[in-house]
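# Per-entry structural report
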Amino acid sequence: MLIKSANASDVKSSEITPKSLFDARRQFLRTAAIAGVGFAAGSIAPPAFARTGRGKKLAGVQPTKWTQDSLGEDLTDYESITSYNNFYEFGTGKQDPALYAKDFQPKPWSVVVDGEVDNPGTYSYEDLIKPHKLEERVYRFRCVEAWSMVIPWVGLPLADLVKRLGPKNDAKYVAFETLNDPERMSGQRRQVLEWPYREGLRMDEAMNPLTLMAVGLYGEELPSQNGAPIRLVVPWKYGFKSIKSIVRISFTKDQPPTSWNMAGAREYGFYSNVNPGKNHPRWSQAKERRIGEFLKRPTLSFNGYEEDVAALYTGMDLNKFY
Ligand SMILES: Nc1nc2c(c(=O)[nH]1)N[C@H]1C(S)=C(S)[C@@H](COP(=O)(O)O)O[C@H]1N2
Ligand SMILES: [Mo]
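Per chain, residues are indexed from 1 in the order of the written sequence. Here every chain gets a letter starting at A, and every ligand a number starting at 1, in the order they are written. In view of the model being predicted, local features appear only for residues whose pLDDT reaches at least 70, and side-chain atom pairs are presented and counted only at 80 or more, with totals across whole chains, interfaces and linings using the full set of residues. Note that the side-chain values use all heavy atoms of the structure and ignore hydrogens as well as water.

Another point: the overall build of the protein. Counting from the N terminus, the helices are DSSP H or I runs at least four residues long and the strands are E runs at least two residues long. In terms of regular secondary structure, the protein is built from ten helices and twelve strands. Exposure classes here rest on a 1.4 Å probe applied to the protein chains alone. A residue is buried below 20% of its type maximum, exposed above 50%, and partly exposed in between. Counting every position in the protein, which comprises 322 residues, the buried fraction comes to 52%. Sequence separation of at least 24 residues holds for 70% of the intrachain contacts in the protein that already meet a minimum separation of 6. Accessible surface computed for the protein: about 15,300 Å², of which carbon and sulfur atoms make up 53%. Throughout, a contact is declared for two residues whenever any of their heavy atoms are within 4.5 Å. Surface accessibility follows the Shrake-Rupley procedure with a 1.4 Å probe radius. Residue values consider only the protein chains on display as shielding.

Read from one edge of the open sheet, five strands run S2-S1-S10-S5-S6, paired in mixed fashion. The open sheet has two edge strands with one neighbour each: strand S2 (121–124) and strand S6 (198–202). In this sheet, adjacent strand axes meet at a mean angle of 20° when their direction is disregarded. Strands were regarded as paired on the criterion that DSSP finds at least two bridges between them. Throughout, an axis means a line fitted to C-alpha atoms (over the contacting stretch in the case of helices), and angles, computed between N-to-C directions, take values from 0 to 180 degrees.

Attention now goes to the packing of aromatic side chains. Between rings of Phe, Tyr and Trp, where Trp is taken as its six-membered ring, a pair exists when centres lie within 6.5 Å; planes separated by under 30 degrees are stacked, by over 60 edge-to-face, and by other angles tilted. According to the stated counting rule, one finds 16 aromatic pairs in the structure shown. Arranged with centres 5.6 Å apart and planes meeting at 75°, the rings of Phe90 and Phe104 form a pair that is edge-to-face. Taken together, the residues span a long stretch of sequence, with Phe90 in the loop between helix H4 (78–81) and helix H5 (96–100) and Phe104 in the loop between H5 and strand S1 (110–115) at a distance of 14 residues. Judged by its relative accessible area of 6%, Phe104 falls in the buried class. Residues Tyr173 and Phe270 carry aromatic rings whose centres are separated by 5.9 Å and whose planes lie at 80° to one another, so their mutual orientation is edge-to-face. Separated by 97 residues along the polypeptide, Tyr173 in strand S5 (residues 173–178) and Phe270 in the loop between helix H9 (259–263) and strand S11 (287–290) bring together distant segments of the chain.

This part covers unusual backbone geometry. Looking along the chain, the bond that leaves Lys107 and enters Pro108 is cis, with omega of 5°. Summarising the element assignment, Pro108 is placed in the loop between H5 and S1. The peptide bond linking Trp195 to Pro196 adopts the cis configuration, its omega dihedral lying at -5°. On the secondary structure map, Pro196 appears in the loop between S5 and S6. Positive phi is not limited to glycine here, since Ala146 has a value of about 70°. The exposure class of Ala146 is buried, given its relative accessible area of 15%.

Structural data, given as C-alpha cells:
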C-alpha cells in the first residue's frame, strides 16, 4: 500500500536517514489512524494502531479532547514506550522489564478495595473495569530521571471509579499497592525497594479529571512491562507516582506511605509534582530528554498541565511540599 505522507516531506533534508523516514511514515500512519483519516473506498480500513500488532486490541475506546493534535507533540514510538521502562519488580535496568516481564501473565487479576469506602471487596479486573467506558488520552509523561515520552493511553478516569466505590466522608487519600509476588516478579527477589511498591494521592488529586487508570496504550492492552493489567497515570507528576500492576486500592484518613519517599525522603516527596524550578538534590529538573529526540526540551511547570491542576496547590509552598 502506498501512502503519501505529509509528515515525511516536513523532515528537513539534513535529517533524512532511513530511520527518520521510517519513523515519519509510521508517525503519519498513526496520526491518520487516530484522526480517522479516510482511506480509499473499497480498501480495507486499517485498525487504529495496526502496526504495533502485539497486544490485544481494546474495543469501544472513545476519543477525548486529549489528542495528539491538541497536544501538538509527536507520539513516542511504541517500541520505545515498551522497551525503555522503569519497573523495579522486574529489575532496575531500563531493558529489564521488557525482558523479564515477557512471560508474566496478568490475568486472572483481582484488586482489593478497602478502607474508608462504601463498597469494599475483592473485585476481579473485569468487574472493576466493565462498568466504565474506555477513553484514549495522549499525555506527556515525565520521569524524575529527566527523560520524557508522549503516550497514547487507554483507560478510565480514576474519578469515575472512585465515585462508584463510594469513599466515606473521612477518606482524604487514596493509596495503591502493586502485586507482591517474587515468584512471578523476579526483581522482587532483591530488596531494592521495600515491597510492595506503594503510591498515593490526595483525594482531590485522585478526583482531578486528568487522573487516569490506564489499561492500555496505542489502542491495545497494556504490555506487562508497562504495568498490566491496570496502572495509574498522573501526568502532572513525576512518573514514579504512576504505580503499575495495582492489586489494592485503599481509602485512608491519613497520608499513606509511598515507596520512593520511604526509600529517600530528601529526594522524593509525597506530591512529586513536575517542577522545573525545584531540582532533585543530585540533578537538575530544568530540562528533559524526550525519548527519540536529540536536543533537550525545557521542562514545563506541572509537566504542561498547570492550568488544570495548579489550583489544587494554592497556598502550599511547593518547595516544601515537593
Ligand atoms: N510498581 C511499580 N510502578 C512503577 C515503577 C516501579 O518500579 N514499580 N516505576 C515508576 C517509574 S520511576 C516510572 S518513570 C514509570 C515508568 O512507566 P513506563 O515504564 O510505562 O514508562 O512507572 C512508575 N511505576
Ligand atoms: Mo521514573
